[in-house]
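Spelled out, the chains give:
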Amino acid sequence: MRVIKTKNYEQMSKKAASFIMAQVISKPDCVLGFATGTTPIGTYDFLAEWNGEGIVDFSRVKTVNLDEYCGISSENPHSYRYFMDKNLFERINIDKRNTYLPDGQAKDCNEECDAYEKTIGSLGGVDLQLLGIGNNGHIGFNEPAEVFPKKTHRIKLTESTIEANSRLFEKKEEVPRYALTMGIQTIMKAKKILLIVSGKGKAKILKKVLECDVDPKVPASILQLHPDVTVIADAAAGEEL
Ligand code: PGA
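Counting of residues starts from 1 at the beginning of each chain's written sequence and follows it residue by residue. For a predicted model such as this one, the threshold for reporting local features is a pLDDT of at least 70, and the threshold for listing and counting side-chain atom pairs is 80 or more; totals across whole chains, interfaces and linings nevertheless cover every residue. Only hydrogens and water are set aside; all other atoms, that is, all heavy atoms of the structure, feed into the side-chain values.

(A) Just the sheet that holds strand β8 (residues 178-181), in detail. Two strands pair under a simple rule: DSSP has to find at least two bridges between them. By definition, any uninterrupted DSSP run of H or I lasting at least four residues is a helix, any uninterrupted run of E lasting at least two residues is a strand, and each is numbered from the N terminus. Across the sheet, which stays open at both edges, the three strands sit in the order β4-β8-β7 with antiparallel pairing between neighbours. The two strands at the open ends of the sheet, each matched to only one other strand, are β4 (67-69) and β7 (153-156). Adjacent strand axes in the sheet meet at a mean angle of 25° when their direction is disregarded. The sheet contact formed by β4 and β8 spans three bridges and is antiparallel. Among the inter-strand pairings, Y69 is bridged to a residue of β8, identified as A179. Here, axes are lines fitted to C-alpha atoms. For helices the fit covers the stretch in contact, and angles between N-to-C directions go from 0 to 180 degrees.

Shown next as structure tokens:
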């Protein structure tokens, strides 16, 4: 595992975007795994800027996202489909038909989760998966648990995640209680993983993720076993390392 510390959020975002750009340049038809949340917004801004300048071409890239809330439509500004469209896909030359997220409105969630696994398989797997971590060590929406959930599945969000995500909603009651998420095995099957972490609030959990025993109660700790992980942390998130 490679750990890179940067001066600030902007430098973290620029390094992460450079890493993704390098992946696209090396393999123009690669499959990128994307994440939502506050952390990757700066990374997406750099990618959009460089795409506009003709430095990086997404026309043959395919993408899969980690997760989606259950029960809200893709037009809802809180949905992850909406987030990805606004923060990245509508700003770059990607074919939107090549961008995949689980359908949080599917009638049969189990069927949708199986179909999502098949989609990822039919694309040939993920070349580079971008991740953030939650305050509780979750990746995607794989919350702390007794065992590592393997495949894409429906999950009940923990109070700590509902609380953390409520900052983006008007009221805490509006935060969906369930989501569909890639499983830990789905994430670990990516050929490369890029974890970005920002802010003082993540310093303790980042240290734990990197240094504790591998433990499903700290879901991101499993990344210690992946052969190709790069962590980029800004100074505040990296202060305990
Ligand atoms: P954040 O979320 O980037 O908004 O902090 C990260 C996560 O919960 O995975």
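That shown, we press on.
(B) Quick peek at the site of the ligand. To be near a molecule or strand, a residue needs just one of its heavy atoms within 4 Å of it. Contacts to the ligand come from G37, T38, T39, G132, I133, G134, H138, R167 and K202. Within the backbone of T38, an N or O atom sits 2.9 Å from an oxygen atom of the ligand. Residue T39 places a side-chain N or O atom 2.4 Å away from an oxygen atom belonging to the ligand. Shrake-Rupley sampling with a 1.4 Å probe provides the accessible areas, and residues are treated as covered by the protein chains on show and by no other component. Here the ligand has 280 Å² of accessible area as a free molecule, and 82% of this is covered by the chains. Across the shell around the ligand, the residue classes break down as one nonpolar, six polar and two charged. Distance and chemistry together define a polar contact, namely a pair of N or O atoms within 3.5 Å, with one atom able to donate a hydrogen and the other to accept it when in protein, and with adjacent residues in sequence counting only for side-chain atoms on both sides. Under the scheme applied here, ten amino acids are nonpolar (Ala, Val, Leu, Ile, Met, Phe, Trp, Tyr, Cys and Pro), four are charged (Asp, Glu, Lys and Arg), and all others, including Gly, are polar.

(C) Inspection of the side chain of S79 at higher detail. On the secondary structure map, S79 appears in the loop between β4 and α3 (80-87). A relative accessible area of 1% means that S79 is categorised as buried. Of note is the side chain of S79, whose polar atom sits 3.2 Å from the backbone oxygen of S74. Only protein chains enter the accessibility calculation, which uses a 1.4 Å probe; a residue is then buried when its area is under 20% of its type maximum, exposed when over 50%, and partly exposed in between.

(D) The arrangement of the side chain of S198 in detail. With respect to the helices and strands, the residue S198 is situated in the loop between β9 (192-197) and α7 (203-211). Side-chain polar atoms of S198 contact the side chain of D234, separated by 2.7 Å.

(E) The arrangement of a nonpolar patch on the surface in detail. Candidate patch residues must exceed 30% relative accessible area and have no salt bridge, after which like charges are joined if within 9 Å and Val, Leu, Ile, Met, Phe, Trp or Tyr side chains if within 5 Å. In the sections that follow, a salt bridge refers to a side-chain nitrogen of Lys or Arg positioned within 4 Å of a carboxyl oxygen of Asp or Glu. On the surface, M1, V3 and L241 cluster together to form a nonpolar patch covering roughly 250 Å² of accessible area. By secondary structure assignment, the location of M1 is in the segment before β1 (2-6).

(F) Region of the structure containing the nonpolar core. Side-chain atoms within 4.5 Å link the members of a nonpolar core, which is a set of buried Ala, Val, Leu, Ile, Met, Phe, Trp, Tyr and Cys residues. Grouped together as the largest cluster of nonpolar side chains are 31 residues, with contacts concentrated most on L131, I133, I139, L195, V197, L206 and L223. When residues of this core are traced back to their parent elements, those giving at least two are α4 (109-122), α6 (184-188), β9, α7 and β10 (229-234). In terms of residues, this core owes the most to one element, α7, which gives four residues.

(G) Representation of the pattern of salt bridges within the structure. For the structure shown, the criterion picks out 14 salt bridges. Residues E211 and K207 are paired through a salt bridge, measuring 2.9 Å at the closest nitrogen-oxygen approach. Residue E211 and its partner K207 are located together in helix α7, separated by four residues, close to a single helical turn. On the basis of relative accessible area, E211 is assigned to the exposed category, the value being 51%.

(H) Region of the structure containing the sheet that holds β1. The parallel open sheet is built from seven strands, whose spatial order is β1-β10-β9-β6-β2-β3-β5. In this open sheet, the two strands that pair with only one neighbour each are β1 and β5 (99-100). In the sheet, strand β3 (residues 62-65) pairs with β5 via two bridges, with the strands oriented parallel. Residue pairing across strands places V64 opposite Y100, the latter belonging to β5. On top of the sheet, helix α1 (residues 9-26) reaches β1, β2 (31-34), β6 (128-131), β9 and β10; it is set at about 165° to β9, its chief contact. What makes two residues a contact is simply this: any of their non-hydrogen atoms within 4.5 Å.

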